[in-house]
Every structure is written in structure tokens, then in C-alpha cells.
Amino acid sequence: MGADTAGGTARATYDEHADWYNEFMSAAGPGEYIRRVHGALEDLLGPGEGTCLDVCCGTGAHAPALAGLGWTPVGVDLSGGQLRHAVRRLPVVRADATALPFADASLPAAACVLAHTDVPDYAAVLREVARVLRPGGRFAHLGVHPCYIGAFADWSERPRVIVDERYEDRSRSYDAWNPAGVRARVGAWHLPLADLLNATTAAGLRLVRTVEAGPGGIPDLFGFLAVKA
């Protein structure tokens with residue numbers, strides 16, 4: 001997941017945090033949160049057969065949810081450190097999500113889970129997903145809610161969330177309400193909700209369904225199911 005570019009060379013930002021992230025995403029970490037994530041993913045994608053590409057698969061934490069639906073998950077990620085863990089959970093290939101090593105119209109399904117803020121150009125990822133999906137192929141996106149999770153959102157007075165003018169800032173930020181969490185370590189690129197949905201349809205994916213989920217009435221997750229037109 002994620003990359004810094006310096007001198008023309010991509011460096012996976014998760015490499016130095018891979019062991020920590022693998023533990024963080026395990027049942028010993030935020031177990032209830034991951035169970036909610038996987039429940040939403042299962043509800044969106046639905047059962048199926050054949051390969052489901054796990055885009056930006058990281059440590060492979062979401063492979064069991066995909067396999068539980070009947071899919072055969074195959075992961076792709078830029079971080080070799082992350083893939084050291086992922087290879088124990090699913091077949092993987094190291095590659096940039098903006099240049100997927102799969103043929104046009106070759107896959108029946110794909111999913112991207114908790115990763116859209118890890119790439120500087122998620123629109124390019126969506127275009128690649130659309131390219132490799134067969135006509136009618138399914139794509140499930142699930143991530144932090146673009147309107148309520150980010151450097152612009154202050155959760156310190158729950159259940160109130162205060163959103164400030166930084167919502168329009170699409171740059172990368174390390175600001176986070178949780179100083180021990182993922183974003184304080186690797187940063188996040190913000191993608192406003194309109195940008196996310198417009199990029200999806202512009203890529204040639206037809207939106208079928210959207211979901212919001214979160215405790216206490218304020219959604220911290222946002223997802224959608226789209227199909228290749």
C-alpha cells in the first residue's frame with residue numbers, strides 16, 4: 001500500500017511498518033473494527049466463484065472474508081514488507097495498483113479495502129480495476145468515510161464530529177486524532193466523496209449500491225458496489 005516517489009523511484013511507505021501493521025490488523029488488534037469491515041465487505045460484494053483481485057492487499061487481512069464468500073482471492077500490493085505476511089494468506093504479486101499485471105477483461109471481481117487513502121491517485125487505480133474486470137464484473141470499494149474520517153475531522157467531542165475547511169485539501173497529511181494509529185505513521189491522501197464517486201463512474205464502472213456504517217449514528221466507513229459497464 002502507498003508509495004513515496006523520490007528521484008523517480010517508488011518506495012512503499014508501509015515497508016518499515018509492515019510487522020506492526022500485521023499485528024494491528026490481526027484479531028489481537030482492533031478485532032471489532034475489522035469484523036465490521038468484513039461484514040460490510042461481504043454484504044457489498046456477495047458470494048461468487050473465480051478470482052477476486054484484492055487490490056492493495058497489504059498483509060492479506062481481508063483474504064479470509066473474500067474466501068468465505070466463495071471467491072479465490074489474489075493479492076497485489078507495492079509493499080514487499082506487507083507481502084511477506086500476505087503470502088501466508090493468499091497468492092500475491094508485487095505491483096503498483098495503477099499498473100495491474102493482468103490482462104484486459106480477465107477477472108470476474110475485485111475489491112479494495114481500507115486502502116484508497118494510501119495512494120496519491122485513486123482515480124488511476126479505479127481505471128485499472130475497470131480495465132481488468134470482465135463486462136459485468138463486480139468491484140467492491142470499502143474505506144474510511146470521506147466525509148468524517150481524515151485530518152479535517154475532529155472526533156474529540158463524540159458523538160459530535162467537527163469538520164473544518166481542510167475537507168477540500170486533497171494533499172497527503174499525517175494529522176490524525178489517534179497518534180498511535182495508522183495515519184500518524186504513514187499519512188493519508190484525502191479524496192472527497194464527490195471525487196471518489198465521479199472517478200468511479202468516469203472509469204467505466206456503474207454504481208449499484210452504496211453503504212455507510214459506524215457506531216453511534218456517525219458512519220466511519222463508506223463503501224459501494226460497482227459493475228463493469
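Preceding this paragraph is the structure being described.
The following refers to the structure shown. Since the structure is predicted, the reported quantities are computational estimates derived from the model, not experimental observations.

## Topic: the side chain of His190
In this structure, His190 sits in the loop between strand E11 (188–189) and helix H7 (193–202). What makes His190 buried here is its relative accessible area of 12%. In terms of polar contacts, His190 uses its side chain to reach the backbone carbonyl oxygen of Tyr167, at 2.8 Å. When sequence neighbours within four positions are dropped, the list of residues in contact with His190 reads Pro146, Phe152, Arg166, Tyr167, Asp169, Arg170 and Ser171.

## Some thoughts on the packing of aromatic side chains
One pass over the structure, following the stated rule, counts three aromatic pairs. Summarising the aromatic geometry, the rings of Phe139 and Phe224 are spaced 6.1 Å apart at their centres and angled 65° between planes, so their arrangement reads as edge-to-face. Residue Phe139 is located in strand E7 (residues 133–144), and its partner Phe224 is located in strand E13 (residues 221–228); the two are separated by 85 residues in the primary sequence. Among the residues examined, Phe224 registers a relative accessible area of 0% and is labelled buried. For the pair Phe152 and Tyr167, a centre-to-centre distance of 5.2 Å together with 90° between the ring planes defines the contact as edge-to-face. Within this pair, whereas Phe152 is found in the loop between E7 and strand E8 (153–157), its partner Tyr167 is found in the loop between strand E9 (160–163) and strand E10 (172–173), the two being separated by 15 residues in sequence. We classify Phe152 as buried; its relative accessible area is 2%. Here the aromatic cluster, defined as three or more aromatic residues joined through ring pairs, consists of Phe139, Phe222 and Phe224.

## Some details on the pairing of E7
Relative to E7, strand E6 (residues 107–113) is paired through six bridges, and the arrangement is parallel. Paired with Ala109 across the two strands is Arg138, which belongs to E7. Between the parallel pair E6 and E7, the chain is carried across by helix H5 (residues 122–132), and the sense of this crossover is right-handed. The pairing of E7 with E13 spans seven bridges and is classified as antiparallel.

## Considering the pairing of E9
Summarising the sheet, E8 and E9 pair through three bridges and their orientation is antiparallel. Opposite Glu157, over in E9, you have Arg160 as the bridge partner.

## Points about the packing of H5 against H7
It is at 9 Å that the axes of H5 and H7 come closest, and there the two elements cross at 30°. As far as their axial angle goes, H7 and H5 are roughly parallel. Considering only the axes of H5 and H7, their crossing is right-handed. On H7, the residues touching Tyr122, Ala123 and Leu126 of H5 are Leu196, Ala199 and Thr200.

Thresholds applied
Residue indices follow the written sequence of each chain, beginning from 1 at its first position. For this predicted model, a pLDDT threshold of at least 70 governs which residues receive local features, and a threshold of 80 or more governs which side-chain atom pairs are given and counted, while totals over whole chains, interfaces and linings are taken from all residues. Excluded from the side-chain calculations are hydrogens and water; all other atoms, namely the structure's heavy atoms, are used. Helix and strand assignments come from DSSP, with helices taken as H or I runs of at least 4 residues and strands as E runs of at least 2, each series counted from the N terminus. Residue exposure (1.4 Å probe, protein chains only): buried if accessible area is under 20% of the type maximum, exposed if over 50%, otherwise partly exposed. Two N or O atoms form a polar contact when they lie within 3.5 Å of each other; inside protein one atom must be a possible hydrogen donor and the other a possible acceptor, and for residues adjacent in sequence the pair counts only when both atoms belong to side chains. Contact definition: two residues touch when any of their heavy atoms are within 4.5 Å. Stacked, tilted and edge-to-face are the three classes applied to pairs of Phe, Tyr and Trp rings, where Trp contributes its six-membered ring and a pair requires centres within 6.5 Å; stacked means planes under 30 degrees apart, edge-to-face means over 60, and tilted covers the rest. Any two strands are treated as partners once DSSP identifies two or more bridges connecting them. Throughout, right-handed denotes a crossover for which the path from the first strand over the helix to the second runs clockwise when the strands point away from the viewer. Simply put, an axis is a line fit to the C-alpha atoms, just over the touching stretch for a helix, and the angle between two N-to-C directions goes from 0 to 180 degrees. For classification purposes, angles smaller than 35 degrees are called roughly parallel, those larger than 145 roughly antiparallel, those between 65 and 115 roughly perpendicular, and all remaining angles oblique. Crossing handedness is defined as follows: a turn of the near helix away from the far one that is anticlockwise and smaller than a right angle gives a left-handed crossing, while the clockwise case is right-handed.

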